[in-house]
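Architecture at a glance
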Amino acid sequence: MPTKSLREFLELLEKKGEIVRIKEPLSPILELTEVIDRVSKMPGGGKALIFENVEGYDIPVVANLYGSERRMKLALGYENLEDIGWKLYRILRPEVPQTFLDKLKRLPELKKLNDAIPKVVKKAPVQEVVDRDPDLFSLPIPKCWPKDGGRYITFGQVITKDPESGIRNVGLYRLQVLDSKRIAVHWQIHKDGSHHFWKAKKLGKRIEVAIALGGESPLPYVASAPLPPEVDEYLFAGIVMERPVELVRGVTIDIEYPANAEIVIEGYVDPSEDLVDEGPFGDHTGYYTPVDKYPQMHVTAIVRRRNPLYLHTIVGIPPQEDKYLGWATERIFLPLIKFNLPEVVDYHLPAEGGFHNFCFVSIKKRFPGHAYKVAYALLGLGLMSLEKHIVVFDDWINVHDIGEVLWAWGNNVDPVRDVQILKGPIDVLDHATNEVGFGGKMVVDATTKWKEEGYTREWPEVIRMDEEVKRKIDDLWGRLGIE
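If you trace the four strands from one edge of the open sheet to the other, you get E1-E2-E3-E20, paired in mixed fashion. Only two strands of the sheet have a single neighbouring strand rather than two, namely strand E1 (19-22) and strand E20 (310-312). Each neighbouring strand pair of the sheet contributes to a mean axis angle of 20°, computed without reference to strand direction. Note that strand E2 (residues 48-51) and strand E3 (residues 61-63) share three bridges and pair antiparallel. Opposite leucine 49, over in E3, you have alanine 63 as the bridge partner. Across the face of the sheet, helix H1 (residues 6-15) comes into contact with E1, E2, E3 and E20 while running at roughly 110° to E1.

See below:
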């Protein structure tokens, strides 16, 4: 089961041999990043890290906690992450019951949904210490890369409410420390936090914000999950855990945040104020994103445990910890993609492509042009709309094997016939396009071609060994002396 707090998750990881404690004094300015970067690039993602002696601070920094498939499974409490997707599908996308018996059968699923609703408590570990005259520099917030515009909070759950509907949103956005009481909030135009900001601006309202670090072990991941705007991320976490997330009301804001978090920064954004310079920042593309204008948050309080932990992550040239956050999203949301597109067998968003540069998808092809139908449909599904290259393969291609992908892509594609160039929304971090957030897309049909698709020759057969010969060699293999 998922653990109830960050410290309980660390205890679990320690028992599993997944943690390295670093006692050597290290500066939060660049030095932590160099260690984390080297570890995250180790085979399988390396170990989780606890920096026990951060120069100038008595608060340990923990990093790379979610930086492997094994630790992601432990954090979420599932061996097969697709099980979460099917659970989400059954609860949030139920079929309409046709009979009274069907309604009775639906009761267990409805109870699970009710049991997952966040629970508000009156007292919370995260409010053991309340500082109403906050200083952001009292926290060991690192500066990640040499040309970053400053120190950045990188793993905070940014909590806001829709100014019109009141529906909560929890997002994962980079946050630049401007001074002791101000933060630049990187609300990209395609994200729900940005929608809340522009609604508040139109209504002439302040928008209250909480930034939470830690809490139940699924929460840092859940903040990154591409859920529909009407789905509360903490409800989703409750569905994953099969128990409610415990929340507590803020001391200076009317926002509830995780009661079991380590640290929470409270404040507000005033949309009537001018936007401020944010950046540069070394991002998950592996490049610095340039200075741009974003809203500023005024910090009204910092609440924390008496002996808190500071949760941190870095991004940069992949692979990094976010590779495994992206892997979890890929696996969890495959069932929902299959619900919309039953012909999809699997898909892969490689971290080396920043998740939004490449989508490799395999399908059970049934008619001419089927590959384009799937690609266009994917471009209409939530944040999949930001994908830049979609390459479609036959069902027997392993889209997670880059060697197999390149083999099929190279052999099956005639660029004149099998490539479509489109235009559409692009991730704002993409520097290749002439306009921010808008540019070209490429759809590639790497499936076997049919005559109905204009192929005029005889498609060749893939080389495969005789099955009887394979079985014989299987039986003999141990005696052949081949290691």
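That shown, we press on.
A separate point is the nonpolar core. Formed by 81 residues in total, the largest nonpolar core has its most connected members in Leu65, Leu76, Tyr221, Phe236 and Val361. Residue contributions to this core peak at nine residues, all from helix H9 (residues 322-340). For valine 361, the residues in contact, after removing those within four places along its chain, are Val344, Asp346, Tyr347, Val374, Leu378, Ile390, Val391, Val392, Phe393 and Val399. Membership of the second largest hydrophobic core comes to 39 residues, among which are Ile36, Val177, Trp187 and Tyr310.

Moving on: the environment of serine 165. Among the secondary structure elements, serine 165 is positioned in the loop between strand E7 (157-161) and strand E8 (168-172). Under the relative-accessibility criterion, serine 165 is labelled partly exposed at 47%. Here the alpha-carbon distance between serine 165 and tryptophan 396, two residues 231 residues apart in the chain, equals 45 Å. Within polar-contact distance, the side chain of serine 165 engages the backbone nitrogen of isoleucine 167 at 3.2 Å.

Okay, the packing of aromatic side chains next. Overall, the coordinates contain 14 aromatic pairs when judged by the stated rule. Judged by centre distance (6.4 Å) and plane angle (45°), the rings of phenylalanine 236 and phenylalanine 333 are tilted. Here phenylalanine 236, found in helix H8 (residues 233-241), pairs with phenylalanine 333, found in helix H9; they are 97 residues apart in sequence, far enough to count as distant. Look at phenylalanine 236 and you get buried, because its relative accessible area is 1%. Taking 5.0 Å as the distance between ring centres and 65° as the angle between the ring planes, the aromatic pair formed by tyrosine 455 and tryptophan 459 counts as edge-to-face. By relative accessible area, which is 23% here, tryptophan 459 ends up partly exposed. Grouped by ring-pair contacts, the aromatic residues Phe358, Phe360, Phe393 and Trp409 constitute a single cluster. Lying over the aromatic face of tryptophan 450, lysine 365 brings its terminal NZ or CZ to 5.1 Å of the ring centre.

Close contact between H1 and helix H3 (residues 69-76) brings their axes to 11 Å; oriented N to C, the two are set at 135°. On the basis of their axis angle, the class for H1 and H3 is oblique. Read as a crossing pair, H1 and H3 show a hand that is right-handed. The residues of H3 that touch H1, namely those facing Phe9, Leu12 and Leu13, are Arg71, Leu74 and Ala75.

Let's shift gears to the packing of H3 against H9. In the contact formed by H3 and H9, the axes pass within 9 Å of each other and the chain directions differ by 60°. Relative to H9, the element H3 is oriented oblique. Considering the relative orientation of H3 and H9, their crossing is right-handed. Residues Glu69, Met72, Lys73 and Leu76 of H3 form the contact with H9, whose own contacting residues are Tyr324, Leu325, Trp327, Ala328 and Ile332.

Backbone geometry follows two general trends: most residues other than glycine have a negative phi, and most peptide bonds adopt the trans configuration. Following glycine 279, the chain continues into proline 280 via a peptide bond in cis, with omega recorded as -5°. Within the secondary structure, proline 280 sits in the loop between strand E15 (276-278) and strand E16 (281-282). The step from proline 318 to proline 319 runs through a cis peptide bond, and the omega angle for that step is 5°. With respect to the helices and strands, proline 319 occurs in the loop between E20 and H9. If you check the backbone angles, leucine 30 has positive phi at about 75° while not being a glycine. Along the chain, leucine 30 turns up in the loop between E1 and helix H2 (31-40). Since its relative accessible area comes to 30%, leucine 30 is described here as partly exposed.

A few words now on H2. Among the residues of H2, Leu32, Thr33, Ile36, Asp37, Val39 and Ser40 are the ones counted as buried. Taken down its axis, H2 places every buried residue within 165° of arc, on the same side. Buried residues belonging to H2 abut E2, E3 and E20.

The rules behind the values
Residues numbered from 1 in each chain as written. Predicted model: local features only at pLDDT ≥ 70, side-chain atom pairs only at ≥ 80, totals over all residues. Heavy atoms only, no water. Pairing = 2+ DSSP bridges. Helix = DSSP H or I, 4+ residues; strand = E, 2+ residues; numbered from the N terminus. Axes fitted to C-alpha atoms, helices over the stretch in contact; angles between N-to-C directions. Contact = heavy atoms within 4.5 Å. Core = buried A, V, L, I, M, F, W, Y, C linked by side-chain atoms within 4.5 Å. Buried < 20%, exposed > 50% of the residue type's maximum accessible area, 1.4 Å probe, protein only. Polar contact = N/O pair within 3.5 Å; in protein donor to acceptor, adjacent residues only side chain to side chain. Phe/Tyr/Trp six-rings, centres within 6.5 Å; stacked < 30°, edge-to-face > 60°. Lys NZ or Arg CZ within 6 Å of the ring centre and 35° of its normal. Parallel < 35°, antiparallel > 145°, perpendicular 65-115°, else oblique. Left-handed = near helix turned anticlockwise from the far one by under 90°. Arc of directions from axis to C-beta.

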